[in-house]
Amino acid sequence: MTRLIVARLIQLPLILAAVFAITFTLAWVVPGNPLDNPDGRRPDPEVMEAMKRQYNLDSPWSFLSSYVPGLFRGDLGPSLIYRDQTVADIIASGLPVSATLGVAALAFAFLFGTFAGVIGSMFPRTPLDLSSSIVSLIGVSLPSFVTGSVLLVVFGALLSWFPTGGWPGWPDLRFWAPGWGSYASQGRLAEDVGDFFGSLVLPAITLGLIPAAYVARLIRLGLADVMGSDFVRTAMAKGRSRRGALFGHALKVAMLPVLSFLGPAAAAAMTGSFVVEKIFNLPGLGEYFVAAARDKDQFLILGVVLVYSALLVVFNLVVDVAYAFVDPRIRVG
């Protein structure tokens with residue numbers, strides 16, 4: 001296992017270098033100019049040339065010669081469309097919001113998908129199985145903007161169970177601060193925590209419903225296949241009930257395809273979704289990425305893509321390591 005982790009960590013910079021080269025080539029050859037705003041005032045040609053020299057946008061080689069050394073120092077460069085912020089500042093402000101939403105969506109997808117898949121396997125060809133299949137079909141078929149809009153209207157506007165959008169910020173957890181033990185501080189903390197989790201419920205369900213549907217289908221099909229295996233029949237012949245054999249033996253093996261799916265799904269969920277963040281007015285990283293691609297902000301495009309790629313590689317590594325704990329038959333490394 002140690003060799004696997006070391007090998008993947010060695011591969012990480014090589015993968016990021018390849019992703020950087022492809023992204024930089026595409027971002028450079030796409031027509032457009034981030035310094036020329038078509039919706040606003042166009043600067044003079046002399047000003048444009050001076051700004052290109054300032055940001056090393058006059059040639060790809062000058063851009064690379066100034067940008068690549070900064071990467072090794074952790075400098076992702078300035079943003080060309082958010083003039084008062086650097087790319088590192090934008091990622092630092094948007095990634096925690098997107099990651100929090102992604103964790104909540106992934107937790108919902110795993111728990112709900114596992115529950116629906118197990119229910120469908122335990123009670124095949126029953127109303128419970130039909131209900132879980134219908135929910136899975138709806139989750140796979142409906143796009144996020146439809147699901148989010150329906151949840152927002154029903155549970156946010158009509159029933160007022162959850163906030164209709166916005167980000168309340170992080171709860172103040174400074175327990176060491178003077179006066180934190182007072183009833184007023186405890187009440188304010190409880191209110192902040194309630195607002196924080198309440199604002200995540202609808203976006204997490206919207207973002208996690210599609211992966212939850214896939215998890216439910218994978219669990220359902222995996223259990224249907226594993227329950228007919230020899231080791232499960234042997235366990236049941238020794239006196240284990242069908243439910244005991246399912247939870248004690250079959251479920252672990254049925255989790256293997258779910259782990260393979262959760263690797264890239266976790267990376268996608270952690271980085272958030274532009275549609276979900278836009279519907280619920282969350283200041284995540286998705287909106288910045290879309291704006292960077294639209295306005296051809298090379299610095300912001302490269303920074304966000306590198307973060308996305310690093311997360312994808314890391315989560316795939318976590319999945320490979322988790323395989324060994326779920327199924328000891330698999331030799332890792």
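Look up: the structure comes first, before these words.
Described below are features of the structure shown in this document. (Residues numbered from 1 in each chain as written. Predicted model: local features only at pLDDT ≥ 70, side-chain atom pairs only at ≥ 80, totals over all residues. Heavy atoms only, no water.)

1. Thoughts on the overall build of the protein chain
Where we set the bar: A helix here means a DSSP run of H or I that spans at least four residues, while a strand means a run of E at least two residues long, and both kinds are numbered starting from the N terminus. Should any heavy atoms of two residues lie within 4.5 Å, those residues are considered in contact. Note on areas: Shrake-Rupley with a 1.4 Å probe; residue coverage comes only from the protein chains shown.
Along its length, the protein chain carries twelve helices and zero strands. Across the protein chain, helices and strands are ordered from the amino to the carboxyl terminus as α-α-α-α-α-α-α-α-α-α-α-α. Restricting the contact set of the protein chain to residue pairs at least 6 apart, pairs at least 24 apart contribute 76%. Within the structure as shown, the protein chain displays about 18300 Å² of accessible surface, and the carbon and sulfur contribution to it stands at 66%.

2. Quick notes on the packing of helix α4 (residues 87–122) against helix α5 (residues 127–141)
What counts is decided by this rule: To get an axis, a line is fitted to the C-alpha atoms, and for a helix only the part in contact is used. The angle between two axes follows their N-to-C directions and goes from 0 to 180 degrees. The handedness criterion is simple: a crossing whose near helix is rotated anticlockwise from the far helix by less than a right angle is left-handed, and one whose near helix is rotated clockwise is right-handed. By the convention adopted, Pro, Cys, Tyr, Trp, Phe, Met, Ile, Leu, Val and Ala count as nonpolar, Lys, Arg, Asp and Glu as charged, and the other residues, Gly among them, as polar.
Between α4 and α5, whose axes approach to 8 Å, the crossing angle comes to 145 degrees. With respect to the hand of their crossing, α4 and α5 are arranged in left-handed fashion. The segment α4 lies against α5, with Phe 112, Ala 116, Ile 119 and Gly 120 engaging Leu 128, Asp 129, Ser 132 and Val 135. The residue inventory of the contact of α4 with α5, partitioned by class, reads five nonpolar, two polar and one charged.

3. Looking at α4
Rules: What a helix should span is 1.5 Å times the count of its residues minus one. Axes are fitted to the seven residues ending at a residue and to the seven starting at it; the angle between these axes is taken as the bend at that residue.
Over its 36 residues, α4 runs 50 Å from end to end, which matches the ideal 52 Å to within 8%, given 1.5 Å per residue. At Gly 94, α4 is bent by approximately 30 degrees, the largest bend along its length, and proline Pro 96 sits one to four residues beyond.

4. Regarding the packing of aromatic side chains
Our working rule: Ring pairs are drawn from Phe, Tyr and Trp, using the six-membered ring of Trp, whenever the two centres fall within 6.5 Å, and their geometry is named by plane angle: stacked under 30 degrees, edge-to-face over 60, tilted for the rest. Any residue under 20% of the maximum accessible area for its type is buried, any over 50% is exposed, and the rest in between are partly exposed; the area is computed with a 1.4 Å probe on protein chains only.
A full pass over the atoms with the stated rule returns 13 aromatic pairs. Between Phe 289 and Tyr 308, the ring centres sit 5.5 Å apart and the planes meet at 55 degrees, which makes this aromatic pair tilted. Within this pair, whereas Phe 289 is found in helix α11 (residues 285–295), its partner Tyr 308 is found in helix α12 (residues 298–326), the two being separated by 19 residues in sequence. Using a relative accessible area of 21% as the deciding quantity, one classes Tyr 308 as partly exposed. Taken together through their ring pairs, the aromatic side chains of Phe 20, Phe 24, Trp 28, Phe 63, Tyr 67 and Phe 299 make up a single cluster.

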